[in-house]
Amino acid sequence: MTRHSRRHFMGLSGAGIAGLMPGSQALAQISDPYEPDLILLNGKVYTVDPLEPRTEAFAVKGGRFTALGKSDDIKSLAGRQTQIVDARQMTVVPGCIDAHNHAPGAILLYDVIVGNPYQVEFVTIASIVDKLKERARATPPGFWVEGFFFDDTKVQDKRALSVHDLDQVSREHPVSVRHRGGHTTYYNSKAFELAGVTKSTPNTAAGTFDRDPNGELNGRVTDRARNVFLNVGKRATFSAEQTLIRNRDALAFISKQFVRYGLTSVHHQGGDLFALQQVRARGDLLHRVSYEAQDDMLEAMVAKGIATGFGDEWIKFGATAEHTCDGSFSERTMALSVPYPGVEPPYQGNVTTSQADLNAWVERMHRAGIQVNCHANGDVTIDMVLTAFERAQRLYPRPNFRPKITHCTLINEELLRRIKAIGAVPAPFTSYGYYNSDKFRFYGEALMQRSMAYRSFADAGIPAAAGSDFSPGPFAPMMGMQGMVTRKGWNGETWGANQRISVDEALRVLTINGAYASHEEAIKGSISPGKLADFVVLADDPHTVDPDKIKDIEIVRTVTGGNSVYQA
């Protein structure tokens, strides 16, 4: 379709269709010779399309929206085979897009889950120990026993998990519990013994071995200090066929979870691309994937000349996976320009790369035609990342650069200016505003006024996208919307209220901005004629419900490409 014909086609949306009588020549041109596959009527449709922000009905053919307008006009397009959905005044929005997700389906299916992946739930240290003991009883000595989805501020005991707790699990197995944030892990004495780590082992700028007040190892290890544990102890091994089966089943499982919460597109951080293709082939891929390559797959892209954008509407090579430059917000290891409030001795977080290494990596990916994506939480590393972006673009200018800054948590006015100037796309945390409010006190109000800064980004005209960072944060878009709109957490505390945005702005973050982050705003992210028919039906309208109840809005139906992939 030419640009001119597409503009004419889009001109028939909304008010244009509303003014057409059934049987008119213009309306016949839309419906003839093919009848719609699906028509939705009587909805409160928020299109996120500035040409027609609100409508009540639309038609779908061949997996794409073909017309929007009044219910009577759209209903007149129906043929004998058309499926008609009566929305009964429920709210309809474009399918939500998560621009940063680790999609750990294998962990959810096969590993020991010690916390709730999806919601706020408090657990006890005893329950963690018991779950790990059960796994240890079925695990040969010397093999790792590992727990996942631990959250240090969601523990009923109100104390830190320690090496002594994990020693209760086993003295014969190395035992670890990974914080859901992904940047800290807790170990037992056996693990430290196998890795040769003692209380005298020094910390580095890239990671720490934490100690108790007596100078003894307390079990917590941060960021790259954990690398010493990678090649010690034994882990279960699987044949290539077994691995493929596990990965296939895991991806099919996580796809069901995504659409259950209203996600129709997800930016995957790596993963088994072959398994992903097989899941699609057997009809179990329910969401679209922007595949963000890492390690061997990323090197293969560079070697074979595969640039960002290669693929189709279901699986497409996107940006690189996040290139990690500092630590974690939720685990308090991100790199700050000031010391963490109240921490002694003074600590400013972990920087996990050098400027020279970062410059070289960014330039190499940029020259290869691969959209660059860097993990930078603190203002120190956001500055480093922008320096590398600016250098690469200066050396090798490319139009429509759009480098991604994953998290981009703590900003200031100068960083905002540079983000806008280079055209970078931040993907800050969304659900953290509700889920992780119990961690905001570690930073204090002054820093939180500059963190997860959706208001600042919107005012600066920067199209920030939604980045749940699952597993670190729950991926539920409605929880993310509530966090962005209220900045009030599960505990009733409000931090950084100056960064609140409106429901409409949050909806843009969750839809069209996510599409923009992967260079796909022309085909998804809004309910517009010609775009992919990805949409979600909500039981309530987030514009009118109590803002503190947005997270509770039920997902009634999720549709990807005109096909219902989830129904409540």
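Not measured: the values here are computed from a predicted model.

1. So, the overall build of the protein
Of the regular secondary structure elements, the protein holds 20 helices and 24 strands. The C-alpha radius of gyration computed for the protein amounts to 24 Å, which stays within 12% of the reference 24 Å derived for 568 residues, consistent with globular compactness. With the C-alpha coordinates of the protein rotated into their principal frame, the extents come out at 85 × 50 × 50 Å. When the 568 residues of the protein are sorted by exposure, 57% land in the buried category. Long-range contacts, defined as pairs at least 24 residues apart, comprise 72% of the intrachain contacts of the protein with a sequence gap of at least 6. Element-wise, carbon and sulfur atoms account for 51% of the exposed surface of the protein, whose accessible area totals about 22,700 Å². Looking at the protein, you have 62 positive and 63 negative side-chain charges, and the mean spots of the two groups are 2 Å apart.

2. Concerning helix H13 (residues 379–395)
With 17 residues, H13 should reach 24 Å at 1.5 Å per residue; the first-to-last C-alpha distance of 24 Å fits that figure. Regarding H13, the residues found buried are Asp379, Thr381, Ile382, Met384, Val385, Leu386, Ala388, Phe389, Ala392 and Gln393. Taken together, the buried residues of H13 touch helix H12 (355–367), strand S19 (373–376), strand S20 (404–407) and helix H14 (413–422).

3. Topic: the pairing of S20
Within a regular beta strand, the side chains point alternately toward one face of the sheet and then the other, so they alternate between its two faces. One ladder, built from 4 bridges, connects S19 with S20; its direction is parallel. The residue of S20 that forms the bridge with Asn373 is Lys404. Remark: the S19/H13/S20 crossover connection has right-handed handedness. Across 3 bridges, S20 lies against strand S21 (residues 425–427) in parallel orientation. Looking across to S21, one finds that Thr406 is bridged to Ala427. Since S20 and S21 lie parallel, the crossover through H14 that links them has a hand, and here it is right-handed.

4. So, the sheet that holds strand S6 (residues 83–86)
Taken in spatial order, the 4 strands line up as S5-S4-S1-S6 in an open sheet, and their pairing is mixed. At either end of the open sheet lies a strand with only one pairing partner, and these are strand S5 (64–69) and S6. Each adjacent strand pair in this sheet contributes to an overall mean axis angle of 15°, direction not counted. Bridge count for strand S1 (residues 38–41) against strand S4 (residues 57–61) is 3 bridges, and the pairing is antiparallel. The partner of Leu40 across the bridge, within S4, is Phe58.

5. Remarks on the pairing of S1
Of the two faces of S1, the one holding Leu38 and Leu40 and the one holding Ile39 and Leu41 are both buried throughout. Bridging between S1 and S6 involves 4 bridges; their strand directions are parallel. Bridging from a neighbouring strand, Leu38 pairs with Gln83 of S6.

6. Observations concerning the state of the cysteines
Evaluated as defined, the whole model comprises 0 disulfides. The thiol of Cys374 is not disulfide-bonded; the next cysteine sulfur, from Cys325, is found 4.6 Å away. With no disulfide partner, Cys408 has as its closest neighbouring cysteine sulfur the one in Cys374, 11 Å distant.

7. Side note on the packing of aromatic side chains
All told, the structure shown has 26 aromatic pairs when counted by the stated rule. Note on Tyr261 and Phe475: the rings are 5.4 Å apart at their centroids and 90° apart in plane angle, and the pair reads as edge-to-face. Of this pair, Tyr261 sits in the loop between helix H9 (240–260) and strand S15 (263–269) while Phe475 sits in the loop between helix H17 (454–460) and helix H18 (477–486), and the two are 214 residues apart along the sequence. A residue is classified by how much of its surface remains accessible, and Tyr261, at 15% relative accessible area, is buried. With relative accessibility at 4%, the residue Phe475 sits in the buried group. Considering the side-chain rings of Tyr291 and Phe317, the 6.0 Å spacing of their centres and the 85° angle between planes classify their relative orientation as edge-to-face. Highlighted residues: Tyr291 in strand S16 (residues 288–293) and Phe317 in strand S17 (residues 315–320), separated in sequence by 26 residues. Of the residues examined, Tyr291 reaches a relative accessible area of 2% and is grouped as buried. One aromatic cluster is present, formed by Phe329, Tyr340, Tyr347, Phe429, Tyr432, Phe440 and Tyr443 through successive ring pairs.

8. Side note on the nonpolar core
Core analysis: the largest hydrophobic core is formed by 85 residues, its most contacted members being Val362, Cys374, Phe389, Ile405, Ile419, Phe457 and Met481. With 7 residues, H13 is the largest single contributor of residues to this core. What Ile419 contacts, discounting residues up to four positions off in sequence, is Leu386, Ile405, Cys408, Ile411, Ala424, Pro426, Phe457 and Ile462. Formed by 17 residues, the second largest nonpolar core is a distinct cluster that contains Val114, Val145, Phe150 and Val155.

9. Here we look at the packing of helix H11 (residues 295–304) against H12
Orientation of H11 relative to H12, taken along the N-to-C sense of each, is 50°, at an axis distance of 10 Å. The angle between H11 and H12 places the two elements in the oblique class. Across the interface between the two elements, Leu298, Glu299 and Val302 from H11 touch Trp361, Arg364 and Met365 from H12. For the contact of H11 with H12, the per-class residue count stands at 4 nonpolar, no polar and 2 charged.

10. Examining the confidence of the model for the protein
Do not read the fine detail of predicted coordinates wherever pLDDT is low. Counting all residues, the mean pLDDT for the protein is 94, and 94% of those residues have values of 70 or more. In this model residues 1–32 is a low-confidence stretch, pLDDT under 50, and it forms 44 contacts with partners more than four residues away in sequence or in other chains.

11. Section: helix H10 (residues 273–281)
Where H10 is concerned, the buried positions are Leu273, Ala275, Leu276 and Val279. Each buried residue of H10 sits inside an arc of 160° when the element is viewed along its axis, so together they form one side. The inward-facing, buried residues of H10 contact H9, S15, S16, H11 and S17. Taking the backbone nitrogen of Phe274 as reference, a side-chain oxygen 3.1 Å away marks Asp272 as the first, capping residue of H10.

12. A closer look at the side chain of Gln371
Mapped onto the fold, Gln371 is located in the loop between H12 and S19. Here Ala517 takes part through its backbone oxygen, which lies 2.9 Å from a polar atom of the side chain of Gln371.

Rules of the game
Residues numbered from 1 in each chain as written. Predicted model: local features only at pLDDT ≥ 70, side-chain atom pairs only at ≥ 80, totals over all residues. Heavy atoms only, no water. Helix = DSSP H or I, 4+ residues; strand = E, 2+ residues; numbered from the N terminus. Rg over C-alpha atoms; globule rule 2.2 N^0.38 Å. Buried < 20%, exposed > 50% of the residue type's maximum accessible area, 1.4 Å probe, protein only. Contact = heavy atoms within 4.5 Å. Areas by Shrake-Rupley, 256 points an atom, 1.4 Å probe, with all protein chains shown as cover. Lys, Arg positive; Asp, Glu negative; His and termini not counted. Charge placed at Lys NZ, Arg CZ, Asp CG, Glu CD. Expected span 1.5 Å × (residues − 1). Pairing = 2+ DSSP bridges. Right-handed = clockwise from strand over helix to strand, strands pointing away. Axes fitted to C-alpha atoms, helices over the stretch in contact; angles between N-to-C directions. Disulfide = S-S within 2.5 Å. Phe/Tyr/Trp six-rings, centres within 6.5 Å; stacked < 30°, edge-to-face > 60°. Core = buried A, V, L, I, M, F, W, Y, C linked by side-chain atoms within 4.5 Å. Parallel < 35°, antiparallel > 145°, perpendicular 65-115°, else oblique. Nonpolar A, V, L, I, M, F, W, Y, C, P; charged D, E, K, R; others polar. pLDDT = per-residue confidence, 0-100. Arc of directions from axis to C-beta. Polar contact = N/O pair within 3.5 Å; in protein donor to acceptor, adjacent residues only side chain to side chain.

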